[in-house]
Amino acid sequence: MKNFMCHSHLGPFAFGSNVNFFVGNNGSGKSAVLTALIVALGGNAHATNRGLSLKGFVKEGENSADVSITLRNKGKDAYKPEVYSSAIIIDLRITRDGLRSYKLKSKSGHIISTKKEELISILDNFNIQVNNPVSVLTQEMSKHFLHSKGEGDKYKFFMKATQLDQMREDFIYIKQTKHVTNDKIEQQNEGLKELKRKYLEKEDRYKSLSSLDELRDKLQELQKQMAWALVIEMEKDLEPVREKLQADRQSTVKYDEKVEEWKIEESERKYKQIQEKLEAITNQVQDLQPKCAELKAEAQKRNTDLKTVEVRGQCSHRTVYDITLALGTESQDRANRVNQIQTDLENLRHQISTLGQQIDQYEHAISRAKEEQGKMSIEANKRNLLMVERSRSNRLQRFGEHMPALLNAIEEAHKRGQFKQKPRGPLGYLISLKDTELALAVEVCLKGSLQAFTCDNHDDERLLQSIMAKFCPGGRRPVIITSQFLPQVHDTRRRAVNHPQYPSVLQALEIQDPVVTNCLIDQRGIESILLIKNRTEARRLMQGGNPPRNCTQAFSKEGDQIYNNRNYSAEQARAKYFSGDVEEDIRCVLTNENDRVVFRGQILFSTRCGMVCCFLLQEELIKADQAVMKCRHHKEHYDEKRSTHLRNIQTLEANLKSKEEELQASSAKASEICAERMDISRTARSLDTEINRLKVKISTQQDQQGDPKEIVRQYHEALENYKNTAQQVKNLKSFINNLDKVMDHRLQVYADLRSFMSARCKYYFDSMLAQRGYSGSMTFDHKKETLSISVQPKKGKKNDSGDMRSLSGGERSFSTVCFVLSLWAITEAPFRCLDEFDVYMDMVNRRISMDMMLRVAASQRFRQFIFLTPQSMSSLPDSKFIQIHQLKDPDRDQSEADGNQ
């Protein structure tokens, strides 16, 4: 060292291979040696704790300071041995201005490099870390970290010594770099969109360089195809019209046969015959009425006589019994007479009982016949028949005679703005079936909901109730369901049943209004009810142990209701609201009426009265009358259908003629454009779209045609820019993805390494303390970044808390040495420097600490240890591995002179 700090010339010092002690009083140059090592090996002034700038290390009055260090360069870790040979000489010069320059020389003194980057490479190769307190621990560093009372300072010292803080800073820097890269990717993405837009714009101009003649030829070809495409589409439209007209003409014969089938003359003739026969029998019944009364009186008289005979029979029985007791030994003929009398008596009793039962049956049958006749009036059946006939032209009649008037009143109120939302109903009128075979099943499923109405709010509900009160007879009003109207159908995909073979009620219905659909979903859950025509298959599917998912119940076409554990039969045999065949409904009404009439005739016949014939003829007359009405009704129905059918045929014929004329005109026009017919697979609409696009393109190209070479150059330039930027964005994204994976792995390794080194440090610290008989603990809190150290001295000194502040200066210094040695044990460095480690120790602790450090050094002969101390080292054992450098005391006069300067 030359002109370094306060020394004009210090050294040279030949370091031993293992342990080196620098011994001297204050001012002798111990700290100058340590500071020179730090600065020459790349450390800054702050790391020396001796100044804030390098110019402070130049001796007062001199222009520069020089430091020279020689590093051993042998073994497998040698740095460029073919260049530097077996030693590397590092010459440092510091100017008065604080500038630093290096000369890196080989063993022979040849300058190899003057760059600091080369010095950094050498230091990295030998793992020299002058800023690491484990490698070089100065007094100020020791006071700041080791003797600090803060647990956070000790934790920072541990992190710095193990270089974990450097790893953490690297990770933080990587995260910042990642965020910067992400921002750059976002910016380039925005720029990429603009580049792509420009590229596509240039591409369109590049492609537009095709010849205008080719575009015109293509346009002409498309116009030819367009002409014949219109002809082909018109021909396709005509085909179904012709087929329907032919089918309607053939079905005209069937309508004629139906009209002929229902002749009314035969039914009227039969009706007259029965009426004449009924009049004759009625007269006979009137003639037999007096005789019937006489027979009834005679029956009553016989009943009285029979009761008298019964009383006499009982008396005779008692007499016979008494005679039998008295004359038990009479002759055989008396016994026979007694038996005969008893037999006759039993016969009389049987006749009396039979006659009484017959009389009761007659009276009961008469009473039931009169009662049934009162219940089933012909007028009621006529009203029912009339309602079904009216529904032929207006299906709304099936929901009640009052329903058309009620809906008209609702419509008028809605037009006047009285309703916020127009009510919907009856719900059954607003839905239709896709399959009429399921009519009874749907009707049984929906039940009362078919006649119900739905309102959006309670104000509309109250208004609708007041309207219903005017039109609904007898107070029987339809049900009103109040629920908010929605413009779209509920999403039932999660709770609906979906079966590959059988539809749900929701799937079987055609409903135009989403309000009606939502109402039935909310009220009846129609999305989760299956419709299965065959009742056996329905029971097998629902009750087989694995019913379909989301299915709550099923209905057969007969109206049977099947659950997974039970089933119910329908109470009606035919659909009332969804029947598609009005004629069949009328026949059913007439048939039911006939059945009731026959049933009444059977009851009247059971009375065994002469009036039964009259009743039967009356029923036959009713049947004949109904047959006449049925024939007249069917004839009128099929006459009307045939007329409508013939009108439809005329309309189709006129429509067909008009379309054929349009086809001829279109064909003639197409022949003018292209004489030869073309077979076109494309639609006229697609051709028209392409023609318009092509016309716009031709016009644009004619107006904007530029220099072709410039267009080609701009296109290739834009394409190249777009591809390069896209590749850069792709590479950056790939880099970010790989960086995330590496960072995840390295953060885990960092955490594991930190835990492992913490554990090792604890182990070595306990081992070091045990050599003095001390005990202690180290507690790491990596989340709070604190390190708590507690030491318990050996027996004879009480320190229950274990706090290092309660220890003596020597004990505290010894504990600090133990901590430093534990860090030495878990870190790697080619040499270690320790400045005045024993300054606060007593002789005992100094001796123990010295022995511990020498044992560590002895176990690591490959590493150099440099200890600075003002204490005498005369007690050290003689060893070739221990070298003591005794520094001379400073010249006091010179020091005072330097101080005065």
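Rules used throughout
- Residues numbered from 1 in each chain as written.
- Predicted model: local features only at pLDDT ≥ 70, side-chain atom pairs only at ≥ 80, totals over all residues.
- Heavy atoms only, no water.
- UniProt positions renumbered as here; feature names shortened; annotations may be inferred.
- Helix = DSSP H or I, 4+ residues; strand = E, 2+ residues; numbered from the N terminus.
- Buried < 20%, exposed > 50% of the residue type's maximum accessible area, 1.4 Å probe, protein only.
- Contact = heavy atoms within 4.5 Å.
- Areas by Shrake-Rupley, 256 points an atom, 1.4 Å probe, with all protein chains shown as cover.
- Pairing = 2+ DSSP bridges.

Per an unreviewed UniProt entry, the recorded name for the protein chain is Structural maintenance of chromosomes protein 6, and the organism is Gouania willdenowi. Its UniProt record gives the protein chain a comment under Sequence similarities (unreviewed entry), which states: "Belongs to the SMC family. SMC6 subfamily." UniProt annotates the protein chain under Subunit (unreviewed entry) with the comment "Forms a heterodimer with smc5. Component of the SMC5-SMC6 complex which consists at least of smc5, smc6, nsmce2, nsmce1 and nsmce4a."

Give a detailed account of the overall build of the protein chain, specifying residues and quantitative values.
Within the protein chain, the regular secondary structure consists of 24 helices and 21 strands. Relative to its full complement of 901 residues, the protein chain shows a buried share of 39%. Within the protein chain, contacts between residues at least 6 apart in sequence are counted, and of these 72% link residues at least 24 apart. For the protein chain, the exposed surface amounts to about 53,300 Å²; the carbon and sulfur share of it is 49%.

Pulling in residues and values, what's your account of the pairing of strand 3 (residues 19-23)?
In terms of burial, strand 3 is a largely internal element, five of the five residues being buried. Where strand 3 and strand 20 (residues 864-869) come together, five bridges link them in parallel fashion. The partner of N20 across the bridge, within strand 20, is I866. Inspection of the sheet shows strand 3 paired to strand 21 (residues 882-886) by five bridges, in the parallel sense. When the bridges of strand 21 are listed, V23 appears paired with Q886.

Give a detailed account of helix 1 (residues 30-40), specifying residues and quantitative values.
By the criterion of burial, helix 1 is predominantly enclosed, with eleven of the eleven residues buried. The first or second residue beyond helix 1 is G42, which carries a positive phi of 95 degrees.

Describe in detail unusual backbone geometry, supporting the description with residues and values.
Across the junction of G11 and P12, the peptide omega takes the value 0 degrees, indicating a cis bond. Checked against the element boundaries, P12 lands in the loop between strand 2 (7-9) and strand 3. In the segment running from G425 into P426, the intervening peptide bond is cis, with an omega of -10 degrees. With respect to the helices, strands and loops of the structure, P426 is situated in the loop between helix 12 (403-415) and strand 9 (431-433). A positive phi angle is found at K447, which is not glycine, with a value near 50 degrees. Looking at the element boundaries, K447 is found in the loop between helix 13 (439-446) and strand 10 (453-455). Positioned with a positive phi, N550 is a non-glycine residue whose angle comes to about 70 degrees. With respect to the element layout, N550 can be found in the loop between helix 17 (535-542) and strand 14 (553-555).

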